[in-house]
Amino acid sequence: INGGFFFNPTKEDFEKICLQYQQDWEKLSKYLWLAFAGYRDRTCSYFYQSISGYYWSSSSDSTVAYSLGFNASNVHIAINGNRAKGFSVRCISKK
């Protein structure tokens, strides 16, 4: 996309974001706009819309995938064994 300037963050990218913003959603939201989109499960049911956000990283191994999760007071890295969950994907700029 756009000459390769955008990419899906890795687990390590999300860890840096969490460390930099020390679980402070207000500061993070000024740096990176992310919707409180919740997620969809395997049965196509939706959860936590307008309450929490979950974004897949590009990092995974044979058993787990990693995501960034947040709500109004917490930002964290999650390890998810279930890759069937419909989390959002957000590309960020290399700039």
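Residues numbered from 1 in each chain as written. Predicted model: local features only at pLDDT ≥ 70, side-chain atom pairs only at ≥ 80, totals over all residues. Heavy atoms only, no water.

Novice: Would you mind going over the sheet that holds strand E4 (residues 53-60) with me for this structure?
Specialist: Two modes of strand pairing occur in sheets, parallel and antiparallel, and in both the strands are linked by backbone hydrogen bonds. Across the sheet, which stays open at both edges, the 3 strands sit in the order E4-E5-E6 with antiparallel pairing between neighbours. Across the chains shown, the open sheet's two edge strands, defined by having one partner strand only, are E4 and strand E6 (74-80). Ignoring strand direction, the axes of neighbouring strands in this sheet form an average angle of 25°. (Pairing = 2+ DSSP bridges. Helix = DSSP H or I, 4+ residues; strand = E, 2+ residues; numbered from the N terminus. Axes fitted to C-alpha atoms, helices over the stretch in contact; angles between N-to-C directions.)

Novice: I would appreciate a short explanation of the side chain of Ser-67 in the present structure.
Specialist: Mapped onto the elements, Ser-67 comes out in strand E5 (residues 65-71). Each residue touching Ser-67, except ones within four places of it in the same chain, is listed here: Phe-14, Tyr-55, Trp-56, Ser-57, His-76, Ile-77, Ala-78, Asn-80 and Phe-87. (Contact = heavy atoms within 4.5 Å.)

Novice: Hey, could you run me through the packing of aromatic side chains in this one?
Specialist: The description of an aromatic ring pair uses the distance of the two centres, along with the angle that the planes make with each other. Under the criterion given, the structure shown has 8 aromatic pairs. Summarising the aromatic geometry, the rings of Tyr-39 and Phe-87 are spaced 5.6 Å apart at their centres and angled 75° between planes, so their arrangement reads as edge-to-face. One end of the pair, Tyr-39, is in strand E2 (residues 39-40); the other, Phe-87, is in the loop between E6 and strand E7 (92-93), and 48 residues separate them in sequence. Of the two residues, Tyr-39 and Phe-87, neither departs from the other in class, the shared state being buried. Measuring from ring centre to ring centre gives 5.2 Å for Tyr-54 and Phe-87, while their planes differ by 25°; the resulting arrangement is stacked. With Tyr-54 in strand E4 and Phe-87 in the loop between E6 and E7, the pair connects residues that are 33 residues apart, well separated along the chain. Phe-87 gets classed as buried once you look at its relative accessible area, which sits at 10%. These aromatic residues form a ring-pair network of at least three members: Tyr-39, Phe-47, Tyr-48, Tyr-54, Trp-56 and Phe-87. Geometry around Tyr-66 places Lys-11 over its ring, the cationic atom sitting 4.7 Å from the centre. (Phe/Tyr/Trp six-rings, centres within 6.5 Å; stacked < 30°, edge-to-face > 60°. Buried < 20%, exposed > 50% of the residue type's maximum accessible area, 1.4 Å probe, protein only. Lys NZ or Arg CZ within 6 Å of the ring centre and 35° of its normal.)

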